[in-house]
Amino acid sequence: MKPLRALLGLVPAVVLAGGILEARSDGSRGDTLAIRVDGRWVTWWRRDFAPLRWNGQASLAGRVTWQAGIAGIVWGELDLRGAREAWRTRVIVVRLDPGRVRLSLAPAFTRGRTWTAADADSGVALALDAGQFRNDLPWGWVVHQGHEVLSPEYAPLAGAVVVDSSGSVRVVAPDSVGVERRHNAVVEAFQSYPMLLQDGMVPASLREPGHGVSIGHRDARLALGTTGDGQVVIALTRFDALGTTFGRIPFGLTSAEMAAVMGALGCREAVALDGGISGQLLLRDGTGSTRTWPGVRPVPLGLIARPNR
């Protein structure tokens, strides 16, 4: 019989495989992430020997039982065990093909309103909250239907999600936001933070204290990333110890742990969206039925996907 690690398709971070190009040890006692496999918990990530860079191999994606959504969307779930309040964490994973569905914004704030995923009409295949928020407005850059609604903000970990005229989706590094702004091909765009992966690299600010990020803070998380072949990956975490009713409790992963999840799902670029009590997701499955993971708080800006006509 093959070892459990081989069946899982993952290896410890100390081995340069399973999507990991290089690793580090900070000598501290580290938190871990484990995945449930055949009733057992198998550790696949350790803070005290965490990867600096992911090479795009989707080792966790291979553990998802994918289900069909609408037109180029698939989705599934993962059971993770982390430290402290993340001891039971469910991850809802969505993967979409921008060649078959088109992403656009739902800028409710421009009408003086707020938005929830439940506001998505029946033609929407996927809906989630977009970006970060300050009072009643999105934080930073917003472009909708080719028109700039809000200008960019500049901060070290504030990247952007850009949809161009071809429908392609890019997660843009902070120092490239100004360049993207000058391109005429930007149709939809919004900023968010912190960046979780840049060319597969986990930013130092997420790994080391003293860079303005609370590396020990745990929360419900929502993130968007892109793979090397242009697919879009969205992941939402839910506290999973007390059933779905309490899933919206803002317990969960650290930013570094969410970066590891996105890296192990095959992303090369990834950015965190507003999680916590704002994190929400709606999708329509292959039968047309609606599945919703609601948030507690409405938001000023949503992100939706519709099938290409």
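Quick summary incoming for the structure in this document.

Conventions adopted
- Residues numbered from 1 in each chain as written.
- Predicted model: local features only at pLDDT ≥ 70, side-chain atom pairs only at ≥ 80, totals over all residues.
- Heavy atoms only, no water.
- Helix = DSSP H or I, 4+ residues; strand = E, 2+ residues; numbered from the N terminus.
- Buried < 20%, exposed > 50% of the residue type's maximum accessible area, 1.4 Å probe, protein only.
- Contact = heavy atoms within 4.5 Å.
- Phe/Tyr/Trp six-rings, centres within 6.5 Å; stacked < 30°, edge-to-face > 60°.
- Polar contact = N/O pair within 3.5 Å; in protein donor to acceptor, adjacent residues only side chain to side chain.
- Pairing = 2+ DSSP bridges.
- Axes fitted to C-alpha atoms, helices over the stretch in contact; angles between N-to-C directions.

**Examining the overall build of the protein**
Next up, step 1: Secondary structure assignment for the protein yields 4 helices and 23 strands.
Next up, step 2: The proportion of buried residues among the 309 residues of the protein is 54%.
Next up, step 3: Within the protein, counting contacts between residues at least 6 apart in sequence, those at least 24 apart form 70% of the total.

**A look at the packing of aromatic side chains**
Next up, step 1: Under the defined criterion, the tally for this structure stands at 2 aromatic pairs.
Next up, step 2: Between tryptophan 139 and tyrosine 193 the ring centres are 5.0 Å apart and the planes differ by 75°, which places this aromatic pair in the edge-to-face class. Pair noted here: tryptophan 139 is in the loop between β11 (137-138) and β12 (142-144) and tyrosine 193 is in the loop between β16 (186-192) and β17 (195-197), with a separation of 54 residues, a long-range link.
Next up, step 3: Using a relative accessible area of 11% as the deciding quantity, one classes tryptophan 139 as buried.
Next up, step 4: For tyrosine 193, a relative accessible area of 31% corresponds to the partly exposed category.

**Some thoughts on the environment of alanine 125**
Next up, step 1: For alanine 125, the location among the structural elements is in the loop between β8 (101-106) and β9 (126-129).
Next up, step 2: For alanine 125 and glycine 72, which are 53 residues apart along the polypeptide, the C-alpha to C-alpha distance reads 9.8 Å.

**Focus: the side chain of arginine 207**
Next up, step 1: Within the secondary structure layout, arginine 207 lies in helix α3 (residues 204-207).
Next up, step 2: Taking the relative accessible area as the measure of exposure, arginine 207 reaches 16% and is therefore buried.
Next up, step 3: Looking at arginine 207, its side chain comes within polar contact range of the main-chain oxygen of valine 202, at 3.1 Å.

**Observations concerning the pairing of strand β2 (residues 32-37)**
Every other side chain in a regular strand lies on the same face of the sheet, so the side chains alternate between the two faces.
Next up, step 1: Direction of pairing for β2 relative to strand β3 (residues 40-46): antiparallel, over a ladder of 6 bridges. If you follow valine 37 over to β3, its bridge partner there is arginine 40.
Next up, step 2: Following β2, the chain reverses through 2 residues before pairing antiparallel with β3; aspartate 38 in that reversal takes a positive phi of roughly 50°.
Next up, step 3: Two elements, β2 and strand β6 (residues 73-81), share 2 bridges in a ladder whose sense is antiparallel.

**Quick look at the sheet that holds β16**
Next up, step 1: In space, the 5 strands of this open sheet follow the order β13-β12-β16-β14-β15, with antiparallel pairing throughout. Two strands in the sheet have a free side with no partner beyond their single neighbour: β13 (147-150) and β15 (169-172). Shown here is a sheet whose adjacent strand axes are inclined to one another by a mean of 25°, direction ignored.
Next up, step 2: Relative to β15, strand β14 (residues 159-164) is paired through 4 bridges, and the arrangement is antiparallel. Bridge pairing in β15 places alanine 160 opposite valine 172.

**Looking at the sheet that holds strand β22 (residues 290-293)**
Next up, step 1: What the 5 strands build is an open sheet, ordered β8-β23-β9-β21-β22; its pairing is antiparallel. Both edges of this open sheet fall to β8 and β22, since each of them pairs with a single strand only. For this sheet, the mean inter-axis angle between neighbouring strands, taken without regard to orientation, is 15°.
Next up, step 2: Bridge count for β8 against strand β23 (residues 302-307) is 6 bridges, and the pairing is antiparallel. Of the residues in β23, the one forming a bridge with leucine 103 is alanine 305.

**Describing the environment of arginine 46**
Next up, step 1: Examined against the element boundaries, arginine 46 turns out to sit in strand β3.
Next up, step 2: For the pair formed by arginine 46 and leucine 33, sequence separation is 13 residues and the distance between their alpha carbons is 6.6 Å.
Next up, step 3: Ignoring any residue separated from it by four or fewer positions in sequence, one finds arginine 46 in contact with Asp31 and Thr32.
Next up, step 4: Within the structure, arginine 46 has its side chain in polar contact with the side chain of aspartate 48 (distance 2.7 Å).

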